[in-house]
Amino acid sequence: GNSVTQMEGPVTLSEEAFLTINCTYTATGYPSLFWYVQYPGEGLQLLLKATKADDKGSNKGFEATYRKETTSFHLEKGSVQVSDSAVYFCALPIGGNQFYFGTGTSLTVIP
Amino acid sequence: DAGVTQSPTHLIKTRGQQVTLRCSPKSGHDTVSWYQQALGQGPQFIFQYYEEEERQRGNFPDRFSGHQFPNYSSELNVNALLLGDSALYLCASSIGTWSSYEQYFGPGTRLTVT
């Protein structure tokens, strides 16, 4: 069945560093792919999504490209800020609106 | 426009008790999904309600049940609580049951079972 494998954390970066969080997927067909973010004490928020192969989702300086050949959807940001400290989840649908979430990658950005 | 709201924020229960969690979806949304998020893990799908019926269910026992009301709000009930039921319970709302639509999550209810 559909699933994602997400890079384990935690990740600690200095402000303005480059961020990559790896996510690979296993899926039947070509489902949409999502990145969600969870700030401390809050629920999940959709960060970005891509609906087909070679699509690039982007939001708030974050980007992820849906790569069919490597079954990957890695999250990147060129220059992280302290306010980006959060837990990031890769996710894909496994039927209708039912989502499979990765285990999450905790990011801490230090000034 | 209020987003997804959940109540209560925190809850402490004893093993064997029963609990009810509540969720009000974002305005205009008609579908509610419930997730369980254990500490340090990603959310796991419990079930989804649409048109007042359970449409999809994850791998959770029958102790977990729910309901959706005509105004689209929803309840999650858990009977015979176990220590392992301690988690953050998230409600997500969306339009329809198709995965292309964005899900909006509430802040969650933190359930502690002692």
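These numbers were taken from a predicted model, which means no experiment stands behind them.

Examining the overall build of chain B
Here is step 1: Along the backbone of chain B there are zero helices and 11 strands.
Here is step 2: Reading chain B from its N terminus to its C terminus gives the helix and strand order β-β-β-β-β-β-β-β-β-β-β.
Here is step 3: Counting only C-alpha atoms and orienting by the principal axes, one finds that chain B spans roughly 35 × 25 × 25 Å.
Here is step 4: The buried share of chain B, reckoned over its 114 residues, is 49%.
Here is step 5: Of the contacts formed within chain B by residues at least 6 apart in sequence, a portion of 53% connects residues at least 24 apart.
Here is step 6: On chain B, roughly 5,400 Å² of surface is accessible, and the fraction owed to carbon and sulfur atoms is 49%.
Here is step 7: For chain B, the distance from the average position of its 8 positive side-chain charges to the average position of its 10 negative side-chain charges is 12 Å.

Description of the packing of aromatic side chains
Here is step 1: Taken as a whole, this structure holds 15 aromatic pairs over all chains when the rule is applied.
Here is step 2: Ring geometry for A:Phe34 against A:Phe99: centres 4.9 Å apart, planes inclined by 70°, an arrangement best described as edge-to-face. With A:Phe34 in strand E5 (residues 33–38) and A:Phe99 in strand E11 (residues 98–101), this pair connects stretches of sequence that are 65 residues apart.
Here is step 3: With relative accessibility at 0%, the residue A:Phe34 sits in the buried group.
Here is step 4: By relative accessible area, A:Phe99 is classed as buried at 2%.
Here is step 5: Above the ring of B:Tyr104, the side-chain terminus of B:Lys26 is found at 5.0 Å from the ring centroid.

What about the sheet that holds strand E7 (residues 56–59) of chain A?
All names here are of chain A.
Here is step 1: Across the sheet, four strands lie side by side as E3-E9-E8-E7; this open sheet has antiparallel pairing. Two strands close off the open sheet at either side, each with one partner strand: strand E3 (19–21) and E7. Mean inter-strand twist for the sheet, computed between neighbouring axes without regard to direction, equals 20°.
Here is step 2: Pairing of E7 with strand E8 (residues 62–65), which is carried by four bridges, proceeds in the antiparallel orientation.

Looking at unusual backbone geometry
Here is step 1: With omega at -5°, the peptide bond leading from A:Gly9 into A:Pro10 counts as cis.
Here is step 2: The amide bond that connects B:Ser7 to the next residue, B:Pro8, takes the cis arrangement and shows omega of -10°.
Here is step 3: Topologically, B:Pro8 is positioned in the loop between strand E1 (5–7) and strand E2 (10–13).
Here is step 4: The phi dihedral of A:Asp54 is positive, around 75°, even though this residue is not glycine.

A short note on the environment of B:Asp30
All names here are of chain B.
Here is step 1: Assignment of secondary structure puts Asp 30 in the loop between strand E3 (19–24) and strand E4 (31–37).
Here is step 2: Apart from the residues lying within four places of it in its own chain, the contact partners of Asp 30 are Tyr 49, Tyr 50, Glu 51, Gln 68, Tyr 72, Ser 94, Ile 95 and Gly 96.
Here is step 3: Among the polar contacts made by the side chain of Asp 30, one reaches the side chain of Thr 31 at a distance of 2.9 Å.

Remarks on the state of the cysteines
Here is step 1: This model, assessed by the stated rule, comprises two disulfides over all chains.
Here is step 2: Across the disulfide from A:Cys23 sits A:Cys90; the S-S distance is 1.9 Å. Residues A:Cys23 and A:Cys90 are joined by a disulfide whose S-S torsion is about -65°; by sign, that bridge is left-handed. With A:Cys23 in strand E4 (residues 23–26) and A:Cys90 in strand E10 (residues 86–95), this pair connects stretches of sequence that are 67 residues apart.
Here is step 3: The class of A:Cys90 is buried, set by a relative accessible area of 1%.
Here is step 4: One disulfide in the model links B:Cys23 with B:Cys91; its S-S distance is 1.8 Å. The chirality of the disulfide connecting B:Cys23 with B:Cys91 is left-handed, given an S-S dihedral of about -55°.

Comments concerning the pairing of strand E9 (residues 87–94) of chain B
All names here are of chain B.
Here is step 1: Here E9 lies mainly inside the structure; eight of its eight residues are buried.
Here is step 2: Two strands pair when backbone bridges link them, and E4 and E9 are joined in this way by seven bridges, in the antiparallel orientation. Across the sheet, Gln 37 pairs through a bridge with Leu 88, a residue of E9.
Here is step 3: As judged from the three bridges shared by E9 and strand E11 (residues 109–113), these two strands associate in the antiparallel manner. Residue pairing in the sheet places Leu 88 in a bridge with Arg 110 of E11.
Here is step 4: As paired strands, E9 and strand E10 (residues 104–105) are joined by two bridges and run antiparallel to one another. Paired with Ala 92 across the bridge in E10 is Phe 105.

Reading the values: rules and limits
- Residues numbered from 1 in each chain as written.
- Chains lettered and ligands numbered in written order.
- Predicted model: local features only at pLDDT ≥ 70, side-chain atom pairs only at ≥ 80, totals over all residues.
- Heavy atoms only, no water.
- Helix = DSSP H or I, 4+ residues; strand = E, 2+ residues; numbered from the N terminus.
- Buried < 20%, exposed > 50% of the residue type's maximum accessible area, 1.4 Å probe, protein only.
- Contact = heavy atoms within 4.5 Å.
- Areas by Shrake-Rupley, 256 points an atom, 1.4 Å probe, with all protein chains shown as cover.
- Lys, Arg positive; Asp, Glu negative; His and termini not counted.
- Charge placed at Lys NZ, Arg CZ, Asp CG, Glu CD.
- Phe/Tyr/Trp six-rings, centres within 6.5 Å; stacked < 30°, edge-to-face > 60°.
- Lys NZ or Arg CZ within 6 Å of the ring centre and 35° of its normal.
- Pairing = 2+ DSSP bridges.
- Axes fitted to C-alpha atoms, helices over the stretch in contact; angles between N-to-C directions.
- Polar contact = N/O pair within 3.5 Å; in protein donor to acceptor, adjacent residues only side chain to side chain.
- Disulfide = S-S within 2.5 Å.

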